[in-house]
Amino acid sequence: MTTVLVTGSNGQLGNELRRAVSLFPHFQFIFTDVEQLDITDAAAVTMFFESNTISAIINCAAYTAVDKAEEDEALCYRINCHAVEVLGAVALNYGAQMIHVSTDYVFDGKSYLPYCEDFPVAPASVYGKSKLAGELALMKVNPNAVIVRTSWLYSSFGNNFVKTMLKLGHERDELKVVFDQVGTPTYAADLAVALLRVLDAGATHSGIFHFSNEGVCSWYDFTIRIHQLAGITTCRVLPIESREYPAKTPRPHYSVLNKAKIKSVYGVQVPHWEDGLRRCILALSGK
Ligand SMILES: NC(=O)c1ccc[n+]([C@@H]2O[C@H](COP(=O)([O-])OP(=O)(O)OC[C@H]3O[C@@H](n4cnc5c(N)ncnc54)[C@H](OP(=O)(O)O)[C@@H]3O)[C@@H](O)[C@H]2O)c1
């Protein structure tokens, strides 16, 4: 039986992988987060592989606080780059397949066409640079690794844009949201299934792949739909430009990923973002 180690499994994606296990009964899973396996501790990682028979690893552990990373560069790089390099080397050494998750933040966000995997990278933030460094380090030490970049990730677990907009929608009668940043939201449950499909297909094609949900919207459109699906009618959502809502770290204006490669190579199916959002809102309402 294939034993899959999931690192960082208390996060959004890790929790969705926990929920997806029943769809893949032929896999056995070991879920760990930093308390059970700190991926920055190289000796602990090696010891973990020595003590358990691991056939594959899905690395969901990451430093994801984009603004905080600007002041916390060393830790951000330790988790998003150096630890990924160690995981990749140990996985190769023990004959385990490795799937790693990366981000649209490796791009500068200035394109107007969906990003293909080979589009030139130009990260604008410490977080984006650390994730790119992690990709490069991993590909160098482990040529078998599969890297899946995603965008605008949300889930019924953890803190994210959907949960913030639901909370604010209930609390306020007016909300201003940017409409000049467009991208594709990704329900972490759909990404979890996509990663397991890649593994199920043997993860035989290494390198970089893109996965998000289908379609495109702005944060403003996303908020309108979140409120509609949750039945929030008492909050007026107003479109604003990014310059009216300055963020500490510049956000990409365009975050649409081209998913043709993962669809054709691994036969992964991609639900529309509104479909994913509907399922997430249902999950949040306990239905
Ligand atoms: N969120 C997004 O919008 C987005 C967009 C594109 C790509 N991604 C990528 O998608 C992946 C999954 O993201 P996510 O949103 O599920 O992240 P998340 O919710 O922040 O989860 C990351 C998990 O990793 C854990 N972790 C941190 N340091 C660790 C360490 N040293 N050892 C082991 N575990 C550690 C975290 O624990 P603590 O909470 O205790 O730190 C957390 O449980 C990441 O690679 C991320 O870069 C995310």
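As the structure is a prediction and not an experimental result, all values here were calculated from the model.

Conventions and cut-offs
- Residues numbered from 1 in each chain as written.
- Predicted model: local features only at pLDDT ≥ 70, side-chain atom pairs only at ≥ 80, totals over all residues.
- Heavy atoms only, no water.
- Helix = DSSP H or I, 4+ residues; strand = E, 2+ residues; numbered from the N terminus.
- Rg over C-alpha atoms; globule rule 2.2 N^0.38 Å.
- Buried < 20%, exposed > 50% of the residue type's maximum accessible area, 1.4 Å probe, protein only.
- Lys, Arg positive; Asp, Glu negative; His and termini not counted.
- Charge placed at Lys NZ, Arg CZ, Asp CG, Glu CD.
- Near = heavy atom within 4 Å.
- Polar contact = N/O pair within 3.5 Å; in protein donor to acceptor, adjacent residues only side chain to side chain.
- Areas by Shrake-Rupley, 256 points an atom, 1.4 Å probe, with all protein chains shown as cover.
- Pairing = 2+ DSSP bridges.
- Right-handed = clockwise from strand over helix to strand, strands pointing away.

Asker: Explanation requested: the overall build of the protein chain in the structure shown.
Answerer: Summing up its helical and strand segments, the protein chain has 9 helices and 13 strands in all. Against the 2.2 N^0.38 benchmark of 19 Å for 287 residues, the protein chain shows a C-alpha radius of gyration of 19 Å, consistent with a compact globule. Each principal axis of the C-alpha atoms in the protein chain carries an extent, and together these give about 55 × 40 × 35 Å. Split into buried and exposed, the 287 residues of the protein chain put 52% on the buried side. If the 25 positive side-chain charges of the protein chain are averaged to one point and the 29 negative ones to another, these points end up 4 Å apart.

Asker: Where do I start with the site of the ligand in this structure?
Answerer: Taken together, 24 residues form the shell around the ligand, and within it Asp 33, Asp 38, Thr 64, Tyr 127 and Lys 131 come nearest. In this structure, a nitrogen atom belonging to the ligand sits 2.8 Å away from a side-chain N or O atom of Asp 38. At a separation of 3.0 Å, a nitrogen atom of the ligand approaches a polar backbone atom of Ile 39. A total of 900 Å² of accessible area belongs to the ligand in isolation, and the protein chains cover 78% of it. Elements supplying a minimum of two residues to the shell around the ligand: α1 (12-20), β4 (97-103) and α4 (126-141). Per element, the largest residue contribution to the shell around the ligand is 3 residues, and it comes from β4.

Asker: Explain the pairing of strand β2 (residues 27-31) here, please?
Answerer: Along any regular strand, the residues point their side chains to alternate faces of the sheet. Relative to β2, strand β1 (residues 2-7) runs parallel, the two sharing 5 bridges. Paired with Val 6 across the two strands is Phe 31, which belongs to β2. Each parallel crossover has a hand, and for β1 linked through α1 to β2 it is right-handed.

Asker: Would you mind showing me how to read unusual backbone geometry here?
Answerer: Residues other than glycine predominantly adopt negative phi, and peptide bonds predominantly adopt the trans conformation. Even without being a glycine, Trp 152 presents a positive backbone phi close to 45 degrees. Mapped onto the fold, Trp 152 is located in the loop between β5 (146-150) and β6 (153-154). The class of Trp 152 is buried, set by a relative accessible area of 11%. Unusually for a residue other than glycine, Ala 203 sits at a positive phi of about 45 degrees. Mapped onto the fold, Ala 203 is located in the loop between α6 (188-200) and β10 (207-210).

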